[in-house]
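One-letter residues, chain by chain:
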Amino acid sequence: MAYTPKILAFAGSTRKGSFNKKLVKIAAEAARAAGADVTYVDLRDIPMPLYDGDLEAEQGIPENAKKFKALLLDHDGVLISAPEYNSSISGVLKNAIDWASRPLPGEAPLACFAGKVAVLMSASPGALGGLRGLVAVRSLLSSIRVIVLPDQIAVPKAHEAFDTDGKLKDHKQQASIESLGRDLAGILVKIKS
Ligand SMILES: Cc1cc2nc3c(=O)[nH]c(=O)nc-3n(C[C@H](O)[C@H](O)[C@H](O)COP(=O)(O)O)c2cc1C
């Protein structure tokens, strides 16, 4: 039977009007159109406390962190749009990854990250589009055994970049983001078939 790639898409922002949520949804839709089974998750819907070793020791991994881990485990690929905060990764994204990296009893280390294939993108009102933050996100994910694909796109002037339908006004930029999603689906098919 033909393999259908399973891709989880999310942004490292909980903000309702998040540009990164809009961006990752474009790539997610293109991956879906290419035949992938895509799940979009809004981290706002699964709020996690700040990682605290005492909280983990006393109460275990919070339910929403377990939900996020389970979603990662259930998918082969991830599309992540990562806001840049102070030239680095957003706290929301780092915190979610930190919780997901904590093993459940009997679970292999980094079970929900090892061997996953990720594609990164970012959007920012700034001139560099969050490009510097992607350096940090790439480094972090690589160190927890995620295969991060080389192609990535940072969309600058994000406050002016989207139309009312959530598409990028610049057609070339829209096509580039779509190809990120499509390429992830295609590479997963090649790797897993
Ligand atoms: C604490 C903080 C730090 C930020 N640092 C940067 C930065 O270093 N570079 C940048 O381009 N934008 C920076 N921004 C602006 C964000 O890119 C902007 O708020 C963006 O809209 C966040 O992503 P979102 O729209 O997906 O929520 C920062 C914003 C905050 C709140």
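Our subject is the structure that appears above.
Residues numbered from 1 in each chain as written. Predicted model: local features only at pLDDT ≥ 70, side-chain atom pairs only at ≥ 80, totals over all residues. Heavy atoms only, no water.

**Student:** Help me out: how do you make sense of the site of the ligand in this one?
**Tutor:** Near the ligand you find 13 residues, and of these S18, N20, E84, N86 and S124 are the closest. Take N20: an N or O atom from its side chain is 2.8 Å from an oxygen atom of the ligand. Here E84 contributes a side-chain N or O atom positioned 2.6 Å from a nitrogen atom of the ligand. Where the shell around the ligand is concerned, the elements lending two or more residues are helix 1 (19–33) and strand 4 (84–85). (Near = heavy atom within 4 Å. Polar contact = N/O pair within 3.5 Å; in protein donor to acceptor, adjacent residues only side chain to side chain. Helix = DSSP H or I, 4+ residues; strand = E, 2+ residues; numbered from the N terminus.)

**Student:** What is the right way to look at the pairing of strand 3 (residues 77–81) in this model?
**Tutor:** Sheet faces and side chains relate simply in a regular strand, where the side chains alternate between the two faces. With five of five residues buried, strand 3 lies mostly within the body of the structure. With burial as the criterion, each face of strand 3 is covered, one bearing G77, L79 and S81 and the other bearing V78 and I80. Here strand 1 (residues 6–11) runs beside strand 3; their pairing, made up of five bridges, is parallel. Opposite A9, over in strand 3, you have L79 as the bridge partner. Where strand 3 meets strand 6 (residues 117–123), five bridges bridge the pair, whose relative direction is parallel. Paired with I80 across the strands is L120, a residue of strand 6. (Buried < 20%, exposed > 50% of the residue type's maximum accessible area, 1.4 Å probe, protein only. Pairing = 2+ DSSP bridges.)

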